[in-house]
Amino acid sequence: AQKITQTQPGMFVQEKEAVTLDCTYDTSDPSYGLFWYKQPSSGEMIFLIYQGSYDQQNATEGRYSLNFQKARKSANLVISASQLGDSAMYFCAMRELGGTSYGKLTFGQGTILTVHP
Amino acid sequence: KAGVTQTPRYLIKTRGQQVTLSCSPISGHRSVSWYQQTPGQGLQFLFEYFSETQRNKGNFPGRFSGRQFSNSRSEMNVSTLELGDSALYLCASSWEADTQYFGPGTRLTVL
């Protein structure tokens, strides 16, 4: 069964510093996608970045990059130059692309990031 | 392009009642998925609809049901509400098996 683990319930970072949020996953499907979402206190889930299991390079989107280590089954999110507006809950999620896992994202428990001025 | 919209945003019901939540996907998206988010259980997959057909279903009782219309808009219904159904219900749309984009959610409180 697919599983996502986020071991950091909370993280603190100083404004303008970089921070890494950890995510490990488990799946038997060789074809899968990994996602990171941000959820501010308003509740809406905001898509940040995507990494496919067959992608050779780590994904980057502006200040967000994904440190993908396939052999270790980890997909850590790196936020560079943190801003106060980055304070939110962050979720790692996985979608198996084979079989019948249509439309199903499996989420980790989330990490609350607090950015200090 | 307009994002995913969900109505209503907030809802208060009493035990035993039923509720219908609505989701309008991003224009052109054919897949709509629903999730329940609670502090105790986190984010859990309810079901996914594609071209009016339910393709996948999570581990929820039959009180939770949904449907999708020909314009890809989707509704989910919860009958005989229980206190434990209080949650944030999130809808997400995608074109196919790609990135899901979420709506703002419907916060349901059952008294």
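Report on the accompanying structure. These numbers were taken from a predicted model, which means no experiment stands behind them.

## Structural notes on the pattern of salt bridges
Pairs can form between side chains of opposite charge once their charged atoms are near each other. All names here are of chain B. Overall, the coordinates contain eight salt bridges over all chains when judged by the stated rule. Ionic pairing is found between Arg-73 and Glu-75, a salt bridge with its closest N-O pair at 3.3 Å. With relative accessibility at 15%, the residue Glu-75 sits in the buried group.

## Topic: the pairing of strand β4 (residues 31–38) of chain B
Residue and element names in this part refer to chain B. Buried residues dominate β4, accounting for eight of its eight residues. Of the two faces of β4, the one carrying Ser-31, Ser-33, Tyr-35 and Gln-37 and the one carrying Val-32, Trp-34, Gln-36 and Thr-38 are both buried. Hairpin connection between β4 and strand β5 (residues 42–50): a loop of three residues separates the two successive antiparallel strands. As defined by bridge partners, β4 adjoins strand β9 (residues 87–94) across seven bridges and the pair is classed as antiparallel. Residue pairing in the sheet places Tyr-35 in a bridge with Leu-90 of β9.

## So, the environment of Met-94 of chain A
All names here are of chain A. Within the secondary structure, Met-94 sits in strand β10 (residues 88–96). For Met-94, a relative accessible area of 0% translates into the label buried. On a C-alpha basis, the gap between Met-94 and Thr-27 in space is 9.1 Å, while along the polypeptide they are 67 residues apart. For Met-94, the contacting residues outside a window of four places in its chain are Gln-2, Lys-3, Ile-4, Tyr-25, Asp-26, Thr-27, Tyr-32, Gly-33, Leu-34, Lys-104, Leu-105 and Thr-106.

## Describing the packing of aromatic side chains
With the rule as written, the count across this model stands at 15 aromatic pairs over all chains. Ring geometry for Phe-35 of chain A against Tyr-50 of chain A: centres 4.9 Å apart, planes inclined by 50 degrees, an arrangement best described as tilted. Note that Phe-35 of chain A is positioned in strand β5 (residues 32–39) and Tyr-50 of chain A in strand β6 (residues 46–52), a separation of 15 residues in sequence. What makes Phe-35 of chain A buried here is its relative accessible area of 2%. Overall, Tyr-50 of chain A belongs to the partly exposed group, its relative accessible area being 32%. When the centroid spacing of 5.8 Å and the interplanar angle of 75 degrees are considered together, the rings of Phe-47 of chain A and Tyr-101 of chain B count as edge-to-face. Here Phe-47 of chain A is found in strand β6, whereas its partner Tyr-101 of chain B is found in strand β10 (residues 101–102) on a different chain. An aromatic cluster is built from Phe-35, Tyr-37, Phe-47, Tyr-50, Phe-91 and Phe-107 of chain A together with Tyr-35, Phe-45, Tyr-101 and Phe-102 of chain B, whose rings are joined through pairwise contacts. The ring centre of Tyr-64 of chain A lies 5.6 Å from the NZ or CZ of Arg-63 of chain A, which sits over that ring. The ring centre of Phe-50 of chain B lies 4.2 Å from the NZ or CZ of Arg-55 of chain B, which sits over that ring.

## Some points on the state of the cysteines
Residue and element names in this part refer to chain B. Counted under the stated rule, the structure contains two disulfides over all chains. Residue Cys-23 pairs covalently with Cys-91 via a disulfide, S to S 1.7 Å. Looking down the S-S bond of the Cys-23 and Cys-91 bridge, the torsion is -45 degrees, so its handedness is left-handed. On the criterion of sequence distance, the pair formed by Cys-23 in strand β3 (residues 19–24) and Cys-91 in strand β9 is long-range, its members being 68 residues apart. Each member of the pair, Cys-23 as well as Cys-91, is classed as buried.

## Focus: the side chain of Arg-63 of chain B
All names here are of chain B. With respect to the helices and strands, the residue Arg-63 is situated in the loop between β6 (53–57) and β7 (64–68). There is a polar contact of 3.1 Å between the side chain of Arg-63 and the backbone oxygen of Thr-80. Engagement of the side chain of Arg-63 in a polar contact is seen with the side chain of Asp-85, the distance being 2.8 Å. Sequence-distant contacts of Arg-63, defined by excluding residues within four places in its chain, comprise Asn-77, Val-78, Ser-79, Thr-80, Leu-81, Glu-82 and Asp-85.

What counts as what
- Residues numbered from 1 in each chain as written.
- Chains lettered and ligands numbered in written order.
- Predicted model: local features only at pLDDT ≥ 70, side-chain atom pairs only at ≥ 80, totals over all residues.
- Heavy atoms only, no water.
- Salt bridge = Lys/Arg side-chain N within 4 Å of Asp/Glu carboxyl O.
- Buried < 20%, exposed > 50% of the residue type's maximum accessible area, 1.4 Å probe, protein only.
- Helix = DSSP H or I, 4+ residues; strand = E, 2+ residues; numbered from the N terminus.
- Pairing = 2+ DSSP bridges.
- Contact = heavy atoms within 4.5 Å.
- Phe/Tyr/Trp six-rings, centres within 6.5 Å; stacked < 30°, edge-to-face > 60°.
- Lys NZ or Arg CZ within 6 Å of the ring centre and 35° of its normal.
- Disulfide = S-S within 2.5 Å.
- Polar contact = N/O pair within 3.5 Å; in protein donor to acceptor, adjacent residues only side chain to side chain.

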